[in-house]
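Analysis of the macromolecular model
Below, each chain spelled out in residue letters.
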Amino acid sequence: MTTLALDVQCRLCGESKWIDTTVEQMMEYAKPRSERMYVQDIFPELSVGDRELLISGTCDTCWQKMFGSDCDEEE
């Protein structure tokens, strides 16, 4: 299986994170938001923090600083 590395940068702190994906996942993610599956369905293996980075461009550290840790993260 061919994998691709997606470089995603936090829009707040600028920190980059490499996320490994498959070609199929990248093809689905590249579609316009109105036409693609939900990020959690495209990338079920990613942590909630990594999926949020893909959705909003906000890393988990910045998210926690803004909103605290009251929300339970999926494990």
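For the structure, check the block above.
Parameters and conventions
Along each chain, the written sequence defines residue order, and numbers are assigned to residues from 1. Given that the model is predicted, a residue must reach a pLDDT of at least 70 before its local features are reported, and side-chain atom pairs must reach 80 or more before they are shown or counted; all residues, however, enter totals for whole chains, interfaces and linings. Values shown for side chains rest on all heavy atoms present in the structure; no hydrogens or waters enter the calculation. Every case where a carboxyl oxygen of Asp or Glu lies within 4 Å of a side-chain nitrogen of Lys or Arg is listed as a salt bridge. Put simply, DSSP H or I for four residues or longer makes a helix, DSSP E for two residues or longer makes a strand, and each gets a number counted from the N terminus. A simple rule labels every residue: compare its accessible area, found with a 1.4 Å probe on the protein chains alone, to the largest value its type can have, and call it buried under 20%, exposed over 50%, or partly exposed in between. Contact between two residues is taken to exist if any of their heavy atoms lie within 4.5 Å; hydrogens are not considered.

1. Quick notes on the pattern of salt bridges
- Summed over the entire model, instances satisfying the criterion amount to two salt bridges.
- The partner of Asp50 in a salt bridge is Lys17, and the shortest N-O contact between them spans 2.8 Å. Here Lys17 lies in strand E2 (residues 16-22) and Asp50 lies in helix H3 (residues 48-56), a separation of 33 residues in the sequence.
- By relative accessible area, Lys17 is classed as partly exposed at 36%.

2. Brief notes about H3
- Those residues of H3 that fall on the buried side of the exposure criterion are Gly49, Asp50, Arg51, Leu53 and Leu54.
- Buried-residue contacts for H3 involve strand E1 (3-9), E2, helix H1 (23-29), helix H2 (39-42) and helix H4 (60-67).
- Immediately downstream of H3, the backbone of Gly57 shows phi near 80 degrees, a positive value.

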